[in-house]
Amino acid sequence: VKNHLSDVFLVEASEKQFSKLEKNYKGKPGVRLMNQLITTDGKDVEFFEGGKGYTNSVVERVIKSWETEEIKSSLRSSISINDLISNHVGNIDWIHLDVEGLMTV
């Protein structure tokens, strides 16, 4: 990204983390940003965030076992991974997913 060798689409559900992405990448060539929760089905889901917002998941037990600060939850809308790819991403050469514990549901 720094050398303009790739176009990137950064998606983050946490508002606190998304604000950091905006600070670092907004307006940079080849960078698109989206503050959105991505799920398999695109339904509304309970979203858990702990501490300062850097720990989050749609599965509370993923962060409950090691988060020492208060965990808050909110009902959030989401879009499905398929809709993200077909409606927002376009032609994909490479995709990296950060799904922290989601596969253990």
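Heads up: the structure comes first, above all this text.
Here goes a summary of the coordinates provided. Source: prediction; values computed, not measured.

## Some remarks on the pairing of strand β4 (residues 45-50)
- In this sheet, strand β6 (residues 71-76) lies alongside β4 in antiparallel orientation, the contact comprising six bridges. Across the sheet, the residue bridging to Phe47 is Ser74, located in β6.
- Relative to strand β5 (residues 55-57), β4 is paired through three bridges, and the arrangement is antiparallel. Residue Phe48 lies in a different strand from β5, and its bridge partner there is Ser57.

## Details of the packing of aromatic side chains
- All chains considered together, the criterion is met by zero aromatic pairs.
- Here the guanidinium or amino end of Arg32 rests over the ring plane of Phe9, the centre of that ring lying 4.3 Å away.

## With respect to the sheet that holds β4
- Taken together, the three strands give an open sheet; going across it, the order is β5-β4-β6, and neighbouring strands pair in antiparallel fashion. Lying at the two open borders of the sheet, with one neighbouring strand each, are β5 and β6. Mean inter-strand twist for the sheet, computed between neighbouring axes without regard to direction, equals 20°.

## Digging into the environment of Trp94
- Tracing the backbone shows Trp94 in the segment after α3 (81-89).
- Spatially, the C-alpha atoms of Trp94 and Val8 are 9.6 Å apart, while their sequence positions differ by 86 residues.

## Focus: the environment of Glu60
- Note on placement: Glu60 falls in helix α2 (residues 60-64).
- Between the C-alpha atoms of Glu60 and Phe48, which are 12 residues apart in sequence, the distance is 6.0 Å.
- The contact partners of Glu60, leaving out residues within four places of it in the chain, are Phe48 and Ile71.

Conventions used here
- Each chain carries its own residue numbering, running from 1 in the direction its sequence is written.
- Local features in this predicted model are restricted to residues whose pLDDT is 70 or higher, and side-chain atom pairs enter the listing and the counts only when it is 80 or higher, whereas totals over whole chains, interfaces and linings include all residues.
- To get the side-chain values, all heavy atoms of the structure are used, and hydrogens and water are removed first.
- DSSP-based pairing: two strands are paired if at least 2 bridges between them are found.
- Each helix corresponds to a stretch of at least 4 residues labelled H or I by DSSP, and each strand to a stretch of at least 2 residues labelled E; elements are numbered beginning at the N terminus.
- Within 6.5 Å between ring centres, the rings of Phe, Tyr and Trp (the latter by its six-membered ring) count as paired, and their orientation is classed by plane angle as stacked under 30 degrees, edge-to-face over 60, tilted in between.
- Counted as over-ring charges are cases with an Arg CZ or a Lys NZ within 6 Å of the ring centre that also lie within 35 degrees of the ring normal.
- A fitted line through C-alpha atoms represents every axis, and for helices the fit uses only the stretch in contact; the resulting angles, taken between N-to-C directions, go from 0 to 180 degrees.
- Note on contacts: a residue pair qualifies if any of its non-hydrogen atoms lie within 4.5 Å across the two residues.

Any functional reading would require information that these geometric values do not contain.
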